[in-house]
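# Working through the structure, step by step
Next come the chains, spelled out residue by residue.
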Amino acid sequence: MAGSDLPPLAALRAFEATARLSSFKAAAAELFVTPTAISHQIRQLEEYLGVRVLDRSPRNVSLTSKGRELYEATVSGFSEIRQSVIRLREIQNSRALTLSATTAFLSHWLVPRLGEIRRVLPELDLRLHASETIVRLQPGEIDVAIRYGKGPFTGVETTPLKADGFAPLCSPGLNIADLEDIRRVALIHVDGRTAPLPLPDWPRWCAEAGISGVNTAAGLRFSNSMHAMQAAIAGQGVAIVSLVMAADALASGLLIQPFNHILPGNTYHFACAPGIGSHTDVNALRQWFQTELEAM
């Protein structure tokens, strides 16, 4: 066979359509050409191959044994090409994806992992939006969010990611060894916390842990849970902190969890605007969050 190992693409398209539809006329209509042009392309293909691929009759067109072999390969090849084109178009046409979450979640959990997102999802154009209130999700504005609660959340598509927990955490320099040590250190409180309910505070933790004689009203008070965690890292006392938010500080040894008892929290959810849950970029980001949080 002289020249290229592949026949002209136009001839293969004409052949595939004719074989699938069993008609020159139907194939011509699908490809927006004349039946004569389709016949010419099929004849050119047969001359190129040196074999007949179609049996023609006045009322019907059918595949020869050689044609059937070529048709199966052509269908498979065009399918793979089509899928590749779809993927390339999705990448080319991908838009910025805006994610909303609380300032605490962004600064203490997500921002330290942005490099990993860029490594795993290099095509993703991720924009971050900080908000302490629930924002409306709408494609092209705020596309996705990390929601914290029991769910369900109305008006969005959600996927549960990770159940949170709260426990007393402190600097290793405080040398907390047993429950009795709680009486000699400052308790760090977070005022204004509204979730989860019941609140993960010192009266509840001491009652469940079975420790008495602790002045659970005394100590340092903060209106922001992240400031409370920073005070604990600085050795100013012991704070009841979200284990998800403190994951990096625990992993690095800045904080330790001296006691096993954990107060249950709510669940982190990946939420997206209706109708975009199956989009390539949204699905990829959802899977990344699932992988990262499940590994904790």
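Model, not experiment: these values are computed from the prediction. (Residues numbered from 1 in each chain as written. Predicted model: local features only at pLDDT ≥ 70, side-chain atom pairs only at ≥ 80, totals over all residues. Heavy atoms only, no water.)

Our focus in this paragraph is the overall build of the chain. A tally of helices and strands in the chain yields 10 helices and 10 strands. The C-alpha radius of gyration of the chain comes to 32 Å, more than 25% above the 19 Å expected for a compact globule of 296 residues. Projected onto the principal axes, the alpha-carbon positions of the chain cover approximately 100 × 35 × 30 Å. Out of the 296 residues in the chain, the part that is buried amounts to 40%. For the chain, the share of sequence-separated contacts (at least 6 apart) that also reach a separation of at least 24 residues comes to 74%. Carbon and sulfur atoms form 54% of the exposed surface of the chain, whose accessible area is close to 16100 Å². Of the side chains in the chain, 27 bear a positive and 28 a negative charge, and the two mean positions are spaced by 7 Å. (Helix = DSSP H or I, 4+ residues; strand = E, 2+ residues; numbered from the N terminus. Rg over C-alpha atoms; globule rule 2.2 N^0.38 Å. Buried < 20%, exposed > 50% of the residue type's maximum accessible area, 1.4 Å probe, protein only. Contact = heavy atoms within 4.5 Å. Areas by Shrake-Rupley, 256 points an atom, 1.4 Å probe, with all protein chains shown as cover. Lys, Arg positive; Asp, Glu negative; His and termini not counted. Charge placed at Lys NZ, Arg CZ, Asp CG, Glu CD.)

By the secondary structure assignment, Thr102 is in the loop between β3 (97–101) and α5 (103–110). Spatially, the C-alpha atoms of Thr102 and Arg184 are 34 Å apart, while their sequence positions differ by 82 residues. Setting aside anything within four residues of it in sequence, one finds Thr102 in contact with Ser131 and Glu132.

Moving on: the packing of aromatic side chains. Here the structure, examined in full by the defined rule, presents 11 aromatic pairs. Among the aromatic residues, ring-to-ring pairing joins Phe105, Trp109, Tyr148, Tyr268, Phe270, Trp288 and Phe289 into one connected group. Directly above the aromatic system of Trp109 lies the positively charged group of Arg113, at a separation of 4.2 Å from the ring centroid. (Phe/Tyr/Trp six-rings, centres within 6.5 Å; stacked < 30°, edge-to-face > 60°. Lys NZ or Arg CZ within 6 Å of the ring centre and 35° of its normal.)

Looking now at the packing of α5 against helix α10 (residues 280–294). Running from N to C, α5 and α10 cross one another at 70°; their axes reach a closest spacing of 14 Å. One element, α5, and the other, α10, form an angle in the roughly perpendicular class. The way α5 lies across α10 gives a crossing that is left-handed. Residues Phe105, Trp109 and Leu110 of α5 pack against Trp288, Phe289, Glu292 and Leu293 of α10. Grouping the constituent residues of the contact of α5 with α10 by class yields 6 nonpolar, no polar and 1 charged. (Axes fitted to C-alpha atoms, helices over the stretch in contact; angles between N-to-C directions. Parallel < 35°, antiparallel > 145°, perpendicular 65-115°, else oblique. Left-handed = near helix turned anticlockwise from the far one by under 90°. Nonpolar A, V, L, I, M, F, W, Y, C, P; charged D, E, K, R; others polar.)

In space, the 8 strands of this open sheet follow the order β4-β3-β5-β10-β6-β9-β7-β8, with mixed pairing throughout. The sheet is open, and its two borders are formed by β4 (126–130) and β8 (220–222), each paired with just one other strand. Neighbour-to-neighbour, the strand axes of this sheet turn through a mean angle of 25°, independent of strand direction. Relative to strand β10 (residues 263–272), strand β6 (residues 157–169) runs antiparallel, the two sharing 8 bridges. Bridge assignment links Thr158 to a residue of β10, and that residue is Ala271. (Pairing = 2+ DSSP bridges.)

With 5 of 5 residues buried, β3 lies mostly within the body of the structure. Residue alternation in β3 divides its side chains into two sets, Leu97, Leu99 and Ala101 and Thr98 and Ser100, and both sets are buried. Examined bridge by bridge, β3 and β4 share 5 bridges and lie parallel to one another. Opposite Leu97, over in β4, you have Leu126 as the bridge partner.

Per the counting criterion, the structure on display carries 11 salt bridges. Between Arg56 and Glu46 there is a salt bridge, with its nearest N and O atoms 3.1 Å apart. Taken together, the residues Arg56 in strand β1 (residues 54–56) and Glu46 in helix α3 (residues 35–49) connect sequence positions 10 residues apart. Overlapping salt bridges bring together Glu16, Arg20 and Glu30 as one network. (Salt bridge = Lys/Arg side-chain N within 4 Å of Asp/Glu carboxyl O.)

Helical geometry: 3.6 residues make up each α-helical turn, so side chains three or four residues apart lie on a common side. Taken across its 8 residues, α5 has 6 buried, putting it largely inside the fold. Along α5, the residues classified as buried are Ala104, Phe105, Leu106, His108, Trp109 and Leu110.

Another point: the layout of surface pockets. Computed from the structure, the largest pocket encloses a volume of approximately 900 Å³. When contributions to the lining of the largest pocket are tallied by element, the ones reaching two or more residues are β3, α5, β5 (144–149), β6, α8 (225–233) and β9 (238–242). If you tally residues by element for the lining of the largest pocket, the top one is α5, at 5 residues. Considering only residue class, the lining of the largest pocket consists of 17 nonpolar, 13 polar and 5 charged. (1 Å grid on protein atoms, 1.4 Å probe; cavity = no way out; pocket = protein on both sides within 12 Å on 5 of 7 lines; lining within 4 Å. Points joined across faces, edges and corners; volume = space filled by probe spheres on them.)

Tracing the sequence through the fold places Arg147 in strand β5. Of the side chains bearing the opposite charge, Glu141 lies closest to the buried Arg147, which forms no salt bridge; the N-O distance is 12 Å. In this structure the side chain of Arg147 is engaged in a polar contact, spanning 2.7 Å, whose partner is the backbone oxygen of Val135. Ignoring any residue separated from it by four or fewer positions in sequence, one finds Arg147 in contact with Ile134, Val135, Leu137, Phe153, Val156, Thr267, Tyr268, His269 and Ala271. (Polar contact = N/O pair within 3.5 Å; in protein donor to acceptor, adjacent residues only side chain to side chain.)

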